[in-house]
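Listed below, chain by chain, are the residues.
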Amino acid sequence: MHDDIAKVLIDAETIQAKVRELGERLSRDYAGLNPVLICILKGAVIFAADLVRQLSIPAKLDFMAISSYGSGMRTSGVVRILKDLDRSIEGEHVIIVEDIVDSGLTLSYLLENLKSRQPASLKTCVLLDKPAQRQVPLEPDYVGFDIPDEFVVGYGLDYAENYRHLPYIGVLKPHVYEGVSQ
Ligand code: IMP
């Protein structure tokens, strides 16, 4: 285990089994629809890369990069698009693939933004849900795991751009972020 990790919350095998299950559900629900999966950079990149390989149906993949957190641990609610989609999603069946929902501000902003582009349908698939911190009413359509209100890293999730490479989801030791304004 990495020295800065206090405990592993979800191990690599459990994540992979869940991603397989989500891939199977999406393949059933989107059969014949050729959906567009929109990976929200950077946090969802590892989840999305594993998820698309568990699909047994044709699908497209596009990317959006947004900024919400910076290096602190709480979202400001201000979302800025750093990289937009390459193609129009008008008339497409769209699935937003996100790493985690916390306050819900990021995902609700994205839903509003993408809805205005007139997709045929729009759903959300998130690996982790922290329902305790919700500031806006939002229920993701596909959820990997509900987790407690702890700051987690790994499997794409970062703290100050570190720890994304870890194959598991872990909780940081407090000394790593102590003294940093949140
Ligand atoms: P929300 O807008 O508060 O729902 O936050 C969503 C975004 O905040 C996610 O896409 C993550 O980038 C980040 N985030 C929220 N909680 C965590 C966490 O525990 N670890 C790492 N990033 C997080």
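Residues numbered from 1 in each chain as written. Predicted model: local features only at pLDDT ≥ 70, side-chain atom pairs only at ≥ 80, totals over all residues. Heavy atoms only, no water.

A.B. asks: How do you make sense of the pattern of salt bridges when you look at a structure like this?
C.D. replies: Two side chains carrying opposite charge are able to pair once their charged atoms lie near each other. Per the counting criterion, the structure on display carries 11 salt bridges. Note that Glu150 is salt-bridged to Lys7, the shortest N-O span being 3.5 Å. Of this pair, Glu150 sits in the loop between β7 (142-146) and β8 (152-153) while Lys7 is found in strand β1 (residues 5-10), placing the two residues 143 residues apart along the sequence. Overall, the relative accessible area of 37% leaves Lys7 in the partly exposed class. Here Asp129 makes a salt bridge to Arg134, at a shortest N to O gap of 2.9 Å. A network of salt bridges, in which partner residues are shared, links Lys42, Asp158, Glu161 and Arg164. (Salt bridge = Lys/Arg side-chain N within 4 Å of Asp/Glu carboxyl O. Helix = DSSP H or I, 4+ residues; strand = E, 2+ residues; numbered from the N terminus. Buried < 20%, exposed > 50% of the residue type's maximum accessible area, 1.4 Å probe, protein only.)

A.B. asks: When you look at the sheet that holds β7 in this model, what are you seeing that I'm missing?
C.D. replies: What holds strands together in a sheet is hydrogen bonding between their backbones, with the strands either parallel or antiparallel. Pairing in this open sheet of six strands is mixed, and the strands run β4-β3-β2-β5-β6-β7 from one edge to the other. In this open sheet, the two strands that pair with only one neighbour each are β4 (80-83) and β7. If you compare each strand with its neighbour and ignore which way they point, the axes differ by 30° on average. Bridge count between strand β5 (residues 93-101) and strand β6 (residues 121-129): eight bridges; the pairing is parallel. Residue pairing across strands places Val97 opposite Cys125, the latter belonging to β6. Together, β2 (36-41), β3 (60-67), β5 and β6 form the strand contacts of helix α2 (residues 45-52), whose direction differs from that of β2 by roughly 155°. The strands that helix α3 (residues 105-115) touches are β2, β3, β4, β5 and β6; relative to β5, the one it contacts most, it runs at about 165°. (Pairing = 2+ DSSP bridges. Axes fitted to C-alpha atoms, helices over the stretch in contact; angles between N-to-C directions. Contact = heavy atoms within 4.5 Å.)

A.B. asks: Looking at this structure, I do not really get the environment of Leu166. What am I missing?
C.D. replies: By the element assignment, Leu166 lies in the loop between β8 and β9 (169-172). Leu166 sits in the buried class, given a relative accessible area of 6%. For the pair Leu166 and Val97, spaced 69 residues apart in sequence, the C-alpha to C-alpha distance is 19 Å. Not counting chain neighbours up to four residues away, the residues in contact with Leu166 comprise His2, Ile5, Gly154 and Tyr155.

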